[in-house]
Amino acid sequence: MAETHVLFVEDDDVIREATQLALERVGFTVTAMPDGLSGLEAFRADRPDIALLDVMVPGLDGVSLCRRIRDESTVPVIMLSARADSIDVVLGLEAGADDYVTKPFDGAVLVARIRAVLRRFGHAAGPDGGGPGGTEAEDEALGGVLVFGDLEVDTDGMEVRRAGEQVALTPTEMRLLLEFSSAPGTVLSRDRLLERVWDYGWDGDTRVVDVHVQRLRTKIGQDRIDTVRGFGYKLRG
């Protein structure tokens, strides 16, 4: 099985070199770049399996780099931020990032988050990384085309159409929609969505869910997913 290729963009030399060694030690191939412009060039040249982008890098900041990558690809993106309460976290998610990790981070936690994202995207996740999430029974239960008003979700072909027009979703957005589609009209808590979509085995930041729900609404219709205050979200049947 081919090794997973990670693009890592970080301007701090010590963090960049230490993280690259930690990722290579568990079996990843890493291309490490010190700024956003060289990171964009490396992305276009190497087409990595996943990108780790520090928010504050020179030349082209991490949020802008994420937008450029998302314009060209649905490759998974994890943002790295020095402050958990920073607006940069939300900006990164709104730009198309799939997850974020706060610095300073533990190497084992970063590896676990990378593998969790890769499982969702169906990539190899390095040694002991596992395969795509979801059981065979769950996949069979979701088989076919589900219809919700003008929205059609083809769970076999992994395609979505709204009023007959195809809707382009990232893999994370698709998995989020599949989770809603499996239980239309049922309120799904943010914690459940973090566990089922993001594969979190620990408490996660619910902003990840909120931003992705908002991104999904802009694509499938603002009124298609209801907010149930204090509880979570539900898909209109």
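The rules we used
Residues numbered from 1 in each chain as written. Predicted model: local features only at pLDDT ≥ 70, side-chain atom pairs only at ≥ 80, totals over all residues. Heavy atoms only, no water. Helix = DSSP H or I, 4+ residues; strand = E, 2+ residues; numbered from the N terminus. Areas by Shrake-Rupley, 256 points an atom, 1.4 Å probe, with all protein chains shown as cover. Pairing = 2+ DSSP bridges. Axes fitted to C-alpha atoms, helices over the stretch in contact; angles between N-to-C directions. Contact = heavy atoms within 4.5 Å. Left-handed = near helix turned anticlockwise from the far one by under 90°. Nonpolar A, V, L, I, M, F, W, Y, C, P; charged D, E, K, R; others polar. Buried < 20%, exposed > 50% of the residue type's maximum accessible area, 1.4 Å probe, protein only. Core = buried A, V, L, I, M, F, W, Y, C linked by side-chain atoms within 4.5 Å. Arc of directions from axis to C-beta.

> Outline the overall build of the protein chain, listing residues and values.
Counting its secondary structure elements, the protein chain contains nine helices and 12 strands. When the accessible surface of the protein chain is summed, it comes to about 10,900 Å², and 49% of that surface belongs to carbon and sulfur atoms.

> Tell me about the sheet that holds strand E9 (residues 165–167), and please be specific about residues and values.
Taken in spatial order, the four strands line up as E6-E7-E8-E9 in an open sheet, and their pairing is antiparallel. Unpaired on one side and paired on the other, strand E6 (145–148) and E9 mark the two borders of the sheet. Neighbour-to-neighbour, the strand axes of the sheet open up by a mean angle of 25 degrees, direction not taken into account. Bridge count between strand E7 (residues 151–154) and strand E8 (residues 159–162): four bridges; the pairing is antiparallel.

> Any chance you could break down the environment of Val145 for me, citing the residues and the numbers?
As for its position among the elements, Val145 is in strand E6. The sequence separation of Val145 and Thr155 amounts to 10 residues, and the corresponding C-alpha distance is 6.1 Å. Once residues lying within four places of it in the same chain are set aside, the contact partners of Val145 are Glu152, Val153 and Asp154.

> Break down the packing of helix H4 (residues 87–94) against helix H9 (residues 207–220) for me, with residues and values.
Packed helices, taken two at a time, are described by their axes: the angle between them and the distance between them. At a minimum axis distance of 9 Å, the contact between H4 and H9 shows a crossing angle of 35 degrees. Here H4 runs over H9; the crossing is right-handed. Facing H4, whose interface residues are Val89, Val90, Leu93 and Glu94, H9 presents Arg207, Val208, Val211, His212 and Arg215. For the contact of H4 with H9, the per-class residue count stands at five nonpolar, one polar and three charged.

> Tell me about the side chain of Thr172, and name the residues and values.
Locating Thr172 in the fold gives a position in helix H7 (residues 171–181). The buried category is assigned to Thr172, whose relative accessible area is 0%.

> Which residues make up the nonpolar core, and what values do they have?
Leu53, Met79 and Phe180 are the most contacted members of the largest nonpolar core, which has 50 residues in total. Examining the composition of this core, we find that six residues originate from one element, H9, more than from any other. Ignoring sequence-local partners within four residues, the contact set of Met79 consists of Leu53, Val55, Gly62, Val63, Cys66, Gly92, Ala97, Asp99, Tyr100 and Val101. Val6, Leu80, Val101 and Leu118 belong to the second largest nonpolar core, which has 17 residues in total.

> Mind laying out helix H8 (residues 190–197), listing which residues take part and the relevant values?
Inspection of H8 places Leu193, Leu194 and Val197 among the buried residues, and these make up the whole buried set. Along the axis of H8, the buried residues cluster in a sector spanning 100 degrees; they form a single face. Opposite the packed face of H8, turned more than 90 degrees from it, sit the exposed residues Asp191 and Glu195. Next to the buried residues of H8 lie helix H5 (107–121), H7, strand E10 (188–189), H9 and strand E12 (232–235). In the segment just after H8, Asp199 is the residue with positive phi, at about 60 degrees.

> Describe in detail the sheet that holds E10, supporting the description with residues and values.
Read from one edge of the open sheet, three strands run E10-E12-E11, paired in antiparallel fashion. The open sheet has two edge strands with one neighbour each: E10 and strand E11 (225–228). Against the sheet, H9 contacts E11 and E12, and its axis sits at roughly 150 degrees relative to E11.

By themselves these figures say nothing about function.
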